[in-house]
Structures are given as structure tokens and as C-alpha cells.
Amino acid sequence: MKLLRVSLALGLILCSQAWAQKSGPPEKPPDGGDQKPPTLGPAPPPSLNGPRSSTTTDPQRLNHVRKIYVERIDNSLSDKLMEGLAKKGRFSIVAEVKEADAVLRGTCFDSHRLKSVHSEVFISDRITGASIWQDSVRRSFNPPALQKAVDDTAEIILEHLDESVREAQRK
């Protein structure tokens, strides 16, 4: 009985060694093993304004917007945005909502305790109210002064809108 156990154990050890030698090193995949992990495309260039915070929810509709009505936004952000949009020339600013393709609305909340300005801007379809584009920007102030932070916010929002329009045109 003892001899049977020893021979069975010896047989299992020899079989496992033979099987391990037979399998050898793992085979390379058909592509030669040079497969690279997937990426999300080329990395965007770094920005001095931090990561981009805008979102285009309807690129096709953004391409078709020509006339924008700008609602009043606190801290004169709407005035700065209207000036910037007029300079860029991509959109016409209209005085009546009925004349517009889309409406730009938002908020510009200044927190004196936190010494920051938080702005959220939305472009939505005039008729359906469906979202087309949105952006959220937070800037510190004191220093710089509140008005400088609002001016910087307007520039950042306009830059993000330009980038979104260019991306929508490529699609």
C-alpha cells in the first residue's frame, strides 16, 4: 500500500513536470505582441485658464445658431459677453428674443467671503429651450479686483465657446 502511494505521487510529479515543459512560454498574439493600450486621442494642449469646463450638448444646433439674445447676468458679465461676441463676429446680438435663434443666459455669483466668482452660462434653443452649450467658470479675486475677475471670466467663456464652435464645425 505504501509502495502504491509513493509510485502514484511520483507519477503525478513526473506528469506535471512533463506538462509544464510541453506548454513552454506563452505564445505571442498574431499582431506580434506590439499592441498598445487604447487612448482617448491626442492630448489637448495645456491652457493657462485650467481645464476646459464647457460642454456642447448639440454640436449641429450650435453650428446653425447665428443670432443670440443675451439675458442680463449679474456683475455686468452679460455686457462683457455681448462686447466679446460682437467683436468676434460669429454671432449677431439681437435686442428681441423673437429675433434670436438661441438665448444666452446664466449667473455670475460673487462670494466675498470665499473671494471667488462662480459663473455659469448656457446657450439654449429659443423655441424648445433645449440646451445647446454650457460653461462653468470659477475665478478668484482680491487681488485682482472683482471687475477684473469678471472680465477674465468673460474672456474664458468666449474662448471656450470659440473652441466648441470650431469642434462642432469639424463634426
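Described in the following lines is the structure provided in the data block.

**So, the overall build of the protein chain**
Inference 1: Scanning the protein chain from N- to C-terminus turns up four helices and six strands.
Inference 2: Going from N to C terminus, the protein chain has its helices and strands arranged as α-β-α-β-α-β-β-β-β-α.
Inference 3: Burial analysis of the protein chain (171 residues in total) assigns 28% to the buried set.
Inference 4: Surface accessibility of the protein chain: about 12,000 Å² in total, with carbon and sulfur atoms responsible for 57%.

**Points about the pattern of salt bridges**
Inference 1: Applying the stated criterion across every chain yields a total of seven salt bridges.
Inference 2: Between R105 and E71 there is a salt bridge, with the nearest N and O atoms lying 3.1 Å from each other. With a gap of 34 residues between them, R105 in strand 4 (residues 102-111) and E71 in the loop between strand 2 (67-70) and helix 3 (77-88) connect regions that are remote in the sequence.

**Describing the pairing of strand 6 (residues 131-140)**
Inference 1: Here strand 1 (residues 55-56) runs beside strand 6; their pairing, made up of two bridges, is antiparallel. Its bridge partner lying in strand 6, T56 is registered against W133.
Inference 2: As judged from the nine bridges shared by strand 5 (residues 116-125) and strand 6, these two strands associate in the antiparallel manner. Within the sheet, the bridge partner assigned to H118 lies in strand 6 and is R138.
Inference 3: In this antiparallel pair of consecutive strands, strand 5 and strand 6, the connection spans five residues, and G129 shows a positive phi of 80°.

**Concerning the packing of helix 3 against helix 4 (residues 146-170)**
Inference 1: Where helix 3 contacts helix 4, the axes come no closer than 9 Å and their chain directions differ by 40°. Considered as vectors, helix 3 and helix 4 are oriented oblique to each other. Our pair here, helix 3 against helix 4, has a crossing hand that is right-handed. Contacts between helix 3 and helix 4 involve L77, K80, L81, G84, L85 and K88 from the first element and Q147, V150, D151, T153, A154, I157, L158, L161 and D162 from the second.
Inference 2: Classifying every residue of the contact of helix 3 with helix 4 gives eight nonpolar, three polar and four charged.

**Quick word on the environment of D135**
Inference 1: Along the chain, D135 falls in strand 6.
Inference 2: A relative accessible area of 3% means that D135 is categorised as buried.
Inference 3: A C-alpha to C-alpha distance of 9.7 Å links D135 and L158, two positions 23 residues apart in sequence.
Inference 4: Apart from residues lying up to four places away in sequence, D135 is in contact with S53, S54, S119, E120, V121, I156, I157 and H160.
Inference 5: One polar contact links D135 to S53, side chain to side chain, over a distance of 2.6 Å.
Inference 6: A distance of 2.7 Å separates polar atoms of two side chains, one belonging to D135 and the other to H160.

What counts and how
Residues numbered from 1 in each chain as written. Predicted model: local features only at pLDDT ≥ 70, side-chain atom pairs only at ≥ 80, totals over all residues. Heavy atoms only, no water. Helix = DSSP H or I, 4+ residues; strand = E, 2+ residues; numbered from the N terminus. Buried < 20%, exposed > 50% of the residue type's maximum accessible area, 1.4 Å probe, protein only. Areas by Shrake-Rupley, 256 points an atom, 1.4 Å probe, with all protein chains shown as cover. Salt bridge = Lys/Arg side-chain N within 4 Å of Asp/Glu carboxyl O. Pairing = 2+ DSSP bridges. Axes fitted to C-alpha atoms, helices over the stretch in contact; angles between N-to-C directions. Parallel < 35°, antiparallel > 145°, perpendicular 65-115°, else oblique. Left-handed = near helix turned anticlockwise from the far one by under 90°. Contact = heavy atoms within 4.5 Å. Nonpolar A, V, L, I, M, F, W, Y, C, P; charged D, E, K, R; others polar. Polar contact = N/O pair within 3.5 Å; in protein donor to acceptor, adjacent residues only side chain to side chain.

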